[in-house]
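Here is what each chain is made of, one letter per residue.
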Amino acid sequence: MTPENLAFANAPFDRAAHHRTDEAWLEAAFASNKAKTCLLMAGRPLVAGGWAGAPLRPGEPLPKGKQHLVWLSADEARSLSDCPRLFLGKTAEGAPIFALNAADGFDLEDSLLAGRGVFGDMRAAVANIPASDTQLAATARSIFAWHRRHGFCANCGRPTKIVDAGWKRACPACDAEHFPRVDPVAIMLAVSGDKCLIGRQDSWPSGMYSCLAGFIEPGETPEQGAARELFEEAGVRTTGQAEYLFCQPWPYPFSLMIGLILETASEDIAVDKTEIDEAIWITRAEALAAINGEHPKIFVPPPLAIAHHILRAWAERG
Ligand SMILES: [Zn+2]
């Protein structure tokens, strides 16, 4: 079951995909006063709140505290009707939800949106906006990142255009259809009895460790990909036993993190330094202390990341 405070995974919205090809419905929905429209620029969502209204200087970091996605008024949304648009779906109350993608360098202060917020770094914003909004922002971020990289047809090389309310690209030259990309990643906790294996990169903050992870290849199951990556990165073989826990959309730019626990056949480690810098076995008690911020040397990612919940799910079984 998906943990409640896992980011990007718990928005109670209906994708209402049957509306994606209904242009008349989409136009009326976008223009209606019920519409909820958010705005992104270069992967950064427009957020507000958390400070007393003083304008932020360009580049100034977001203040600590509660923030929210800025929902545009109908007039504000209309003023941006040239921006690529994504129909995200409907709220539980039936209000249509859209996202717009402003051009790089879009000047908020020279628009109707002057003073309404700032384009926040996604990793900072996600810790501060309501959990239910993180999946909306992440979905829009991934789709717009895909459009940015796929302007040309992979079949014939000609320019493609956005169709189906942002969920497809079509090639007018060869009629090929292109669908948004999702990159599956196995993120795994290798365990041996009462111990688990965690690793780190030198570029991470001192003392931070996490689960190992790697992209699943074509023709592989998540369990096979996890076992292969574990051996490639840490030299550890599995018994073949793997347990799926839950997964997390990860919008950097469009991954899907698939959480697994793997039983290992031995505790011998042979780290491939081109993949990770260190891998260590820790006990269940150490894992619990690290999760709870009580370990003297080791800490792990916060609850918005799936690695935290994989470690917790295993550590709390003891
Ligand atoms: Zn084509």
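Scope of this entry: the structure provided in the associated data block.

How each quantity is defined
Residues numbered from 1 in each chain as written. Predicted model: local features only at pLDDT ≥ 70, side-chain atom pairs only at ≥ 80, totals over all residues. Heavy atoms only, no water. Donors = N, O, S within 2.8 Å, 3.2 Å for Na, K, Ca; no water. Tetrahedral: all angles 85-135°; square planar, octahedral: opposite > 155°, others 65-115°. Helix = DSSP H or I, 4+ residues; strand = E, 2+ residues; numbered from the N terminus. Buried < 20%, exposed > 50% of the residue type's maximum accessible area, 1.4 Å probe, protein only. Core = buried A, V, L, I, M, F, W, Y, C linked by side-chain atoms within 4.5 Å. Contact = heavy atoms within 4.5 Å. Pairing = 2+ DSSP bridges.

The next thing to look at is the coordination of the zinc ion. Protein coordination at the zinc ion: the donors are Cys153 (SG), Cys156 (SG), Cys171 (SG) and Cys174 (SG), at 2.2 to 2.4 Å from the metal. Considering all four donor atoms around the zinc ion, angles at the metal cover 102 to 115° and the coordination shape is tetrahedral. We note that the donor set of the zinc ion lies within a single chain, spaced as C-x2-C-x14-C-x2-C. Here Cys174 lies in the loop between β8 (168-170) and β9 (177-178) and Cys156 lies in the loop between α4 (131-149) and β7 (161-163), a separation of 18 residues in the sequence. A relative accessible area of 36% means that Cys156 is categorised as partly exposed. Cys174 gets classed as partly exposed once you look at its relative accessible area, which sits at 28%.

One finds Phe8, Leu189, Cys196, Ile198, Ile310, Leu311 and Trp314 to be the most contacted residues of the largest nonpolar core, which totals 40 residues. No other element matches helix α7 (residues 306-315), which puts six residues into this core. What Phe8 contacts, discounting residues up to four positions off in sequence, is Met122, Val126, Thr134, Gln135, Ala138, Gln248, Pro249, Trp250, Pro251 and Tyr252. Grouped together as the second largest cluster of nonpolar side chains are 35 residues, Ala11, Ala29, Ala48 and Val70 included.

So, about unusual backbone geometry. Omega for the peptide link from Tyr252 to Pro253 comes to 0°, which places this bond in the cis form. Among the secondary structure elements, Pro253 is positioned in the loop between β13 (238-250) and β14 (255-264). Unusually for a residue other than glycine, Phe8 sits at a positive phi of about 70°. Its location among the elements puts Phe8 in the segment before α1 (23-31).

So, about the sheet that holds β8. Read across the sheet, three strands follow the order β7-β8-β9 without closing on themselves; strand pairing throughout is antiparallel. In this open sheet, the two edge strands, each paired with only one partner strand, are β7 and β9. One ladder, built from two bridges, connects β8 with β9; its direction is antiparallel. When the sheet's bridge partners are listed, Arg169 is paired in β9 with His178.

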